[in-house]
Protein chains: 2
Amino acid sequence: MMDDHIFYDCATAPSPRRARIFIAEKGLEVPTIQIDLRSGEQLGEAFRAVNPRCTVPALKLPDGTVLGDNASIARYLEEIRPKPALMGITPVEKARIAEWNAIAEFDGLLAMAETVRNSLKGMKGRALTGPKNYDQIPALAERGRARVAHFFETADRRLNEAPYLGGDHYSIADITAFVVVEFAAWVKLSPDESQSALIEWHQALAARPSAKV
Amino acid sequence: MMDDHIFYDCATAPSPRRARIFIAEKGLEVPTIQIDLRSGEQLGEAFRAVNPRCTVPALKLPDGTVLGDNASIARYLEEIRPKPALMGITPVEKARIAEWNAIAEFDGLLAMAETVRNSLKGMKGRALTGPKNYDQIPALAERGRARVAHFFETADRRLNEAPYLGGDHYSIADITAFVVVEFAAWVKLSPDESQSALIEWHQALAARPSAKV
C-alpha cells in the first residue's frame, strides 16, 4: 500500500514495535527490512549508511529521505494519513496526547531500557543505543525497576479517570505505554494486581489486531 | 495578550526556559507565576494541586485544564497560534523537526540533567524531577558529560549541512538545543572551538529577542 517506502524494523525489539503498531493502526502496509540487533547489524556499514543513528525504527521515503526515530515516523504518518487520528484532533487533545506520550517515553520506556541495558550480560558496553559505546551502570538498572513500578501507578491512576491515556480516544500515548508493559515482562515486571484499570486497558490493547503484527 | 492563561515558570531553570522562548517566538505574552524550585515550592501542596507532576513549565488554560510539560505546551500553542510555525510546515519538515527535537531532548538535555542532578550537593536525593525522590548515581553524572560532548559533535555536523537543526527554518528543535548549550555552561561544558557551525548558530540564537525573556 506504501510500496515506495521502506520500513526498517527488528521484530523482537520494543522501539520499532511502537512504529509497527502505529503503521497497523493507520491501516498501512509498508515493505519491511529486518535489522538483526542481536548480531549488531545496526552498527554495520550498510545500515549506518541508511540511519547514522544506528537505531530502528527508520523509514525511508520515496525521495530517499530517512526518518530515524519514532518521533519523526509518527509525525510524518499522521500528516500524510490523518485518519484515524492517533495524535489527537483538537488543540487540547493533541497537547494531552503529546504529554502522555512523553510520560510513557521518559518514565516508562526509558526506565525499562535502563533496566534491561544496564543488567543483561549481552548488553555489556551497550548501555545506550546509538553509535557510541557506554558502560553499564548497575545502579541504573535497579532505579529503572523502581521507576517502572511508579509509571504503572501513574498510568493506572490516569486510566481510572479516562479510558485512554490521552483521554477519550486511543492514541500514540497508548501505543507507547502498551509497549512499556510488554517490554517490562522481559524482566518479570508487571502491573500490580490491584491496578485493575491498567490491567484491563492492557488486555484490550493486546486484543487489537495491531498488537499482533 | 493571553490574559486568560497562566504560565508557571522558574526564571533560573532550563526546562521552563524552553517554553518561555517558544512563547516569545510566537509573539505571545502570558501572565506568569514564578515557582521557586530552589526552596522546593514545586513539591508543596499548592503547586502539586496545579501540576501533580511537580514540574515546570506548566500552562493553565481558560477552562482550568493544566498542561504539565514542554511537549504539551508547545503542541497546544502551535495549534492555536500556527504562525510563525515552530514545528514545521510540510510533513517531512514536521517529521525532521520532531526528530531533532527528540535528539536534543534525549542526547542533550537529559544528559545535561543527569550531569547536574547526579553531582550537585544541593540535588542529593533529587536525581530526577517529579514527586518521587531518587538517589544520585555519580557514574551517571560522568556519563552525562561524555554524552553532552557527543551531542555537540552531532549538532555541529548537522549545522554544517543545514542552517537550523530541523532544516531551513528556526524551530522548536533549535530552542531545545540552545537551552542545552546554555545549560552546559553551568558545569563548564561548551562546544569545542573547532565546532564553528555550532558556535555560530548559538551566537545567532543568543542574539534573538526570545533569548532574553
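Residues numbered from 1 in each chain as written. Chains lettered and ligands numbered in written order. Predicted model: local features only at pLDDT ≥ 70, side-chain atom pairs only at ≥ 80, totals over all residues.

1. Considering helix 3 (residues 70-80) of chain B
Most of helix 3 of chain B sits inside the fold, with nine of its eleven residues counted as buried. Looking at helix 3 of chain B, one finds that the buried residues are B:N70, B:A71, B:S72, B:I73, B:A74, B:R75, B:Y76, B:L77 and B:E78. Turning to helix 3 of chain B, the residues buried within the fold contact helix 4 (91-117) of chain A together with helix 1 (14-25), strand 3 (58-60), strand 4 (66-67) and helix 6 (172-184) of chain B. (Buried ≥ 20, exposed ≤ 12 C-beta atoms within 10 Å, placed from the backbone. Helix = DSSP H or I, 4+ residues; strand = E, 2+ residues; numbered from the N terminus. Contact = placed C-beta atoms within 7 Å.)

2. As for the sheet that holds strand 3 (residues 58-60) of chain A
The mixed open sheet is built from four strands, whose spatial order is 2-1-3-4 (chain A). Since the sheet does not close on itself, it has two edges, and those belong to strand 2 (32-34) and strand 4 (66-67) of chain A, each with one partner. (Pairing = 2+ DSSP bridges.)

3. Describing the interface of chain B and chain A
Listed by partner, the interface residues are 26 residues for chain B and 26 residues for chain A. For the side of chain B that touches chain A, the secondary-structure elements that each account for two or more residues are helix 3, helix 4 (91-117) and helix 5 (138-159) of chain B. Broken down by element, the residue count for the side of chain B that touches chain A peaks at eight residues, all from helix 4 of chain B. A class-by-class count of the residues in the side of chain B that touches chain A yields 14 nonpolar, four polar and eight charged. (Nonpolar A, V, L, I, M, F, W, Y, C, P; charged D, E, K, R; others polar.)

4. Comments concerning the domain arrangement of chain A
Accessible area lost on assembly of the parts is the figure often given for the size of an interface. Residues and elements named next belong to chain A. When the domains of chain A are assigned, the result is domain 1 (6-80) and domain 2 (91-211). Each of domain 1 and domain 2 has a C-alpha centre, and these two points are 20 Å apart. The partner domain 2 presents eleven residues to the twelve residues of domain 1 that form the contact. Per-element tally for the side of domain 1 that touches domain 2: the top contributor is helix 1 (residues 14-25), with seven residues. Counted by class, the side of domain 1 that touches domain 2 contains seven nonpolar, one polar and four charged residues. (Domains from an automatic or database assignment.)

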